[in-house]
Amino acid sequence: MNTDKKGLFIAGDGTNLMFTFILVSSLFLLWGFCNGMIDVMDKHFQEELGLSKSQSAWVQFAHYLGYFLMSIPAGWLASKLGYKGGIIAGLLIVAIGGFWFIPATHINALVHEGRVSATTAFVAFLAGVCAIATGLTFLETIANPYTTVLGDLRYAATRINLAQSCNGVGWILGPIVGSMYFYSKDAAGHNTGSQTLYIPYVGIAFGVIVIAAIFYFANVPDIKMEDDYHLDDAAPGVSHSIWSHPHFVMAVAAQFFYVAAQAGIFSFFINYMTAEVPAIPGSWDATMTKLAANSGFLHDWLRGWFETNAAGVLTMSNKGASNAASLGLLCFLIGRFSGAGLLRKFSAHKIVGLYATANVAICFLIFCKLGWLSVVCVFLTYFFMSIMFPTIFALGIFGLGARAKKASAFIVMAIMGGAIIPKLMGYVADKSNMSRGFIVPMFCFAFVAFYGFNWPKFSKAESLHGVRAVGH
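Residues numbered from 1 in each chain as written. Predicted model: local features only at pLDDT ≥ 70, side-chain atom pairs only at ≥ 80, totals over all residues. Heavy atoms only, no water.

**A few points about the overall build of the protein**
- If you tally the helices and strands in the protein, you get 20 helices and 2 strands.
- Taking all 472 residues of the protein together, the buried fraction comes to 54%.
- Looking at the protein alone, contacts between residues at least 24 apart form 77% of all its contacts between residues at least 6 apart. (Helix = DSSP H or I, 4+ residues; strand = E, 2+ residues; numbered from the N terminus. Buried < 20%, exposed > 50% of the residue type's maximum accessible area, 1.4 Å probe, protein only. Contact = heavy atoms within 4.5 Å.)

Next up, the structure:
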């Protein structure tokens, strides 16, 4: 068959897999939505259970722990059950985690009655967070490599970036829904988040059960990735270990440092915006106040972006910074969509190298504290980070055949970088300032750029565009 006539979702036998791709892409929306809600949960527990910032950070730790503990089992089970079976298993685990928030909310109510401690209630919620992350691990371990085989190999990086764009949409929606239920108030103005926190998670539980049923009846072929490195051959002298292939090993390291950089920038965005942004012109505040007064629907969103600090300078408020974060995620989403288009025309490893190099330069400009230029650069980091995770994933599992499922488990496990390296970024910021803290993601992006530009040497392949590996 002439591969030039193949479409984005046309398999080698001519089968159109677009519906399967759309179905799998819904999983990306799901875990993006769940991750987005996690990002706005900490403050709720600080106020509801009287926790410090460092104590509430156990939410993120529980989330990452679920990924770390289940990445390898998920990869093993996916190999046994196939793509469809692994996805359904992951969805059912997410449902269990979602329903667990009902008894967790009941346990939390006992805190006010003095029957259990705040620590017990917090641990109950963390169990739900960890359980959901466990299910999401199955989905990420399976769905990421699966998108790369749903059509012509030349467009593997394009497909995974398109699917990850749905992840970006979910990431924007998650904080919006989370804020509605985590920080809800009654008519008297009293916080009711402790009574309503479970609602979005129970909604997720019912939703994933429906999705699991659709997957059960849908056509989800267990397509095998091309075994370019002959890992499945019984020929003597051929290594059957995925660790003998530098392009995979370095992808694990690159993903570790990428997620570390992303988590650091996402986590400290509000700190940067409230501490490092130059003085806000008074006209901006007046304009925002006027817009809020004239807008019923957007009133609460537009009001309160700016506040006067102790020095009498107009600065961005915590609420304003939180809202600005959604603009950063919008840049991230735009980068995903536009990047998917570029990856249809240019080699994936070159795009990763160029985008990572751009972020090295951008982080350096932020480090230099250049006023509004540095502020704009923070938003630009979101744009240039956009394609890195999915593209590194596609580059890492290239040519690994049936072992791509196992390899993807280790690449997913590498997100533990998001729980480790940002602490260093925070330490630098504490010792100096938030601008100086961007020196940490700058070095992380430098490693990603190194991987991208050297991928042909590591893989012994020219690109992902249908070129088989050589020099086995």
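The rest of the description comes next.
**Side note on the packing of helix 4 (residues 58–112) against helix 5 (residues 118–148)**
- Relative orientation of the contacting elements helix 4 and helix 5 amounts to 160°, with a least axis distance of 4 Å. Classified by the interaxial angle, the pair formed by helix 4 and helix 5 is roughly antiparallel. For helix 4 against helix 5, the interelement crossing comes out left-handed.
- Across the contact of helix 4 with helix 5, the residue classes tally to 35 nonpolar, 16 polar and 1 charged. (Axes fitted to C-alpha atoms, helices over the stretch in contact; angles between N-to-C directions. Parallel < 35°, antiparallel > 145°, perpendicular 65-115°, else oblique. Left-handed = near helix turned anticlockwise from the far one by under 90°. Nonpolar A, V, L, I, M, F, W, Y, C, P; charged D, E, K, R; others polar.)

**A word on the state of the cysteines**
- In the structure shown here, the tally under the stated rule is 0 disulfides.
- Cysteine Cys 444 is unpaired, with the sulfur of Cys 363 as its nearest cysteine sulfur at 8.9 Å.
- Cys 444 gets classed as buried once you look at its relative accessible area, which sits at 4%. (Disulfide = S-S within 2.5 Å.)

**Re the packing of aromatic side chains**
- With the rule as written, the count across this model stands at 28 aromatic pairs.
- Ring centres of Phe 256 and Phe 257 lie 5.4 Å apart, and the angle between their planes is 85°; this geometry places the pair in the edge-to-face category.
- Put simply, the rings of Trp 171, Phe 266, Phe 269, Phe 332, Phe 379 and Tyr 382 pair up and form one aromatic cluster.
- Note that Arg 344 overlies the ring of Tyr 155, its terminal NZ or CZ placed 4.9 Å from the centroid.
- The ring of Phe 367 is capped by Arg 436, whose NZ or CZ atom sits 4.9 Å from the centre of that ring. (Phe/Tyr/Trp six-rings, centres within 6.5 Å; stacked < 30°, edge-to-face > 60°. Lys NZ or Arg CZ within 6 Å of the ring centre and 35° of its normal.)

**Digging into the packing of helix 9 (residues 246–267) against helix 18 (residues 417–431)**
- For the pair helix 9 and helix 18, interaxial distance at closest approach is 7 Å and the crossing angle is 55°. In terms of orientation, helix 9 and helix 18 fall into the oblique class. Helix 18 is crossed by helix 9, and the crossing has right-handed handedness. Packed against helix 9, whose contacting residues are Phe 256, Val 259, Ala 260, Ala 263, Gly 264 and Ile 265, the element helix 18 presents Gly 417, Gly 418, Ile 420, Ile 421, Pro 422 and Met 425 at the interface.
- When grouped by side-chain class, the residues that make up the contact of helix 9 with helix 18 number 9 nonpolar, 3 polar and no charged.

**Things to note about the environment of Glu 462**
- With respect to the element layout, Glu 462 can be found in the segment after helix 20 (439–459).
- The exposed category is assigned to Glu 462, whose relative accessible area is 60%.

**Considerations on the side chain of Asn 359**
- Counting through the fold element by element, Asn 359 comes out in helix 14 (residues 348–367).
- A residue is classified by how much of its surface remains accessible, and Asn 359, at 0% relative accessible area, is buried.
- Beyond its immediate chain neighbours, meaning those up to four positions away, Asn 359 contacts Leu 380, Thr 381, Phe 384, Met 385, Met 388 and Phe 445.

**What about the confidence of the model for the protein?**
- Put simply, the protein has an average pLDDT of 82, and 86% of its residues get 70 or more.
- In the model of the protein, helix 12 (residues 299–302) stands out as the element of lowest mean pLDDT, 58, in contrast to helix 14, which has the highest, 97.
- Scored below 50 in pLDDT, residues 1–5 shows 7 contacts in the model against residues more than four places distant or in partner chains.
- The low-confidence segment residues 466–472 (pLDDT under 50) makes 18 contacts with residues lying over four places distant or belonging to another chain. (pLDDT = per-residue confidence, 0-100.)

**Structural notes on a nonpolar patch on the surface**
- Taken together, the side chains of Leu 29, Leu 173, Ile 176 and Met 180 define a hydrophobic patch exposed on the protein surface, amounting to about 340 Å² of accessible area.
- In terms of residue count, the dominant contributor to the nonpolar patch is helix 6 (residues 156–182) (3 residues).
- Mapped onto the fold, Met 180 is located in helix 6. (Patch = residues over 30% accessible without salt bridge, like charges linked within 9 Å, V, L, I, M, F, W, Y side chains within 5 Å. Areas by Shrake-Rupley, 256 points an atom, 1.4 Å probe, with all protein chains shown as cover. Salt bridge = Lys/Arg side-chain N within 4 Å of Asp/Glu carboxyl O.)

**As for the side chain of Thr 105**
- By the element assignment, Thr 105 lies in helix 4.
- Residue Thr 105 is classed as buried on the basis of its relative accessible area, which comes to 11%.
- Reaching out from Thr 105, the side chain makes a polar contact with the backbone oxygen of Phe 101 at a distance of 2.7 Å.
- Other than its neighbours up to four places away in sequence, Thr 105 contacts Phe 125, Ser 194, Gln 195 and Tyr 198. (Polar contact = N/O pair within 3.5 Å; in protein donor to acceptor, adjacent residues only side chain to side chain.)

**Focus: unusual backbone geometry**
- Within the chain, Lys 369 stands out as a residue other than glycine whose phi angle is a positive 55°.
- Note that Lys 369 resides in the loop between helix 14 and helix 15 (372–385).
- Note on Lys 369: relative accessible area 42%, which makes it partly exposed.
- A positive phi angle, close to 60°, is found at Lys 460, a residue other than glycine.

**Some details on the environment of Val 202**
- Within the element layout of this structure, Val 202 appears in helix 8 (residues 198–217).
- For Val 202 and Gly 97, which are 105 residues apart along the polypeptide, the C-alpha to C-alpha distance reads 8.9 Å.

**Considering the nonpolar core**
- Ranked by size, the top nonpolar core spans 145 residues in total, and within it Leu 91, Tyr 201, Phe 215, Tyr 258 and Met 273 carry the most contacts.
- When residues in this core are grouped by element, the largest group, 14 residues, is from helix 5.
- Not counting the four nearest positions on each side in its chain, Tyr 258 is found in contact with Phe 332, Met 385, Met 388, Phe 389, Ile 392, Phe 445 and Val 448. (Core = buried A, V, L, I, M, F, W, Y, C linked by side-chain atoms within 4.5 Å.)

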